[in-house]
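Listed here are the chains, written in short residue letters.
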Amino acid sequence: MGIGCAANTARLILFIFNSIFFLLGGACLGVGIFVLVDKKELVALTKIDGIDKVDAPSLLEQGAYVLIAAGAVVFLVGFLGCCGACIKSTKLLYLYAAFIVIVFIIEIVGGILGYKYKDDVEMKLKSFLMDTIEQKYTGILNETGESFNLAWNFAMITVRPK
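Residues numbered from 1 in each chain as written. Predicted model: local features only at pLDDT ≥ 70, side-chain atom pairs only at ≥ 80, totals over all residues. Heavy atoms only, no water.

## Focus: the confidence of the model for the protein chain
In the predicted model, the protein chain carries a mean pLDDT of 82, and 81% of its residues have values of at least 70. Across the protein chain, the secondary-structure element scoring lowest on mean pLDDT is helix H2 (residues 39–45), at 67, and the one scoring highest is helix H4 (residues 90–116), at 92. (pLDDT = per-residue confidence, 0-100. Helix = DSSP H or I, 4+ residues; strand = E, 2+ residues; numbered from the N terminus.)

## Some remarks on the pattern of salt bridges
Throughout the structure, instances matching the rule amount to 1 salt bridge. Here Glu122 makes a salt bridge to Lys126, at a shortest N to O gap of 3.3 Å. Of the two residues, Glu122 and Lys126 both sit in helix H5 (residues 118–136), 4 residues apart, roughly one turn of that helix. (Salt bridge = Lys/Arg side-chain N within 4 Å of Asp/Glu carboxyl O.)

## Section: the side chain of Asn18
One can find Asn18 in helix H1 (residues 2–37). Judged by its relative accessible area of 1%, Asn18 is buried. Of note is the side chain of Asn18, whose polar atom sits 2.8 Å from the backbone oxygen of Leu14. At a separation of 3.3 Å, a polar atom in the side chain of Asn18 contacts the side chain of Tyr96. If sequence neighbours within four positions are ignored, Asn18 has contacts with Val77, Gly78, Gly81, Cys82 and Tyr96. (Buried < 20%, exposed > 50% of the residue type's maximum accessible area, 1.4 Å probe, protein only. Polar contact = N/O pair within 3.5 Å; in protein donor to acceptor, adjacent residues only side chain to side chain. Contact = heavy atoms within 4.5 Å.)

## Points about the packing of aromatic side chains
For the structure on display, the rule yields 2 aromatic pairs. Centroid distance Phe22 to Phe75: 4.4 Å. Interplanar angle 25°. Geometry classified as stacked. Taken together, the residues Phe22 in helix H1 and Phe75 in helix H3 (residues 56–87) connect sequence positions 53 residues apart. Judged by centre distance (6.2 Å) and plane angle (35°), the ring pair of Phe22 and Phe79 falls under tilted. Note that Phe22 is positioned in helix H1 and Phe79 in helix H3, a separation of 57 residues in sequence. Judged by its relative accessible area of 26%, Phe22 falls in the partly exposed class. Chaining the aromatic ring pairs together yields one cluster made of Phe22, Phe75 and Phe79. (Phe/Tyr/Trp six-rings, centres within 6.5 Å; stacked < 30°, edge-to-face > 60°.)

This is the structure we're talking about:
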């Protein structure tokens, strides 16, 4: 009787967590599709005066595709976990476990690549930020200034070295 209770509790927990993942995956999928469909309206919100290196429509489109792909994977994994737990299907649960292992391997590879290329990314980011400050920042501290100046003023005020 104790094993049956533990198994039912484990199934319930698996179902609850995968239901949450299922809903969040669907939300990511929906947001990604919304961004792709309504890209023109969102581009108007992302206009930053004075930055020529950033292509907002392309960046939004790439972000939307990433959201769609990630949302679809989370949606599928959540669905497999929910269905496998509900109908006690070992095939679905094995497929669910395989997806979890694949995601874990991708996370390990991403962590290793992030550690390996950390210095390159930091150097390029510093170079880009210094170039934009030198070329575009005027230092005007008012609320009616262009968005670029406001963003840098906010960053300089709130992010102070300790």
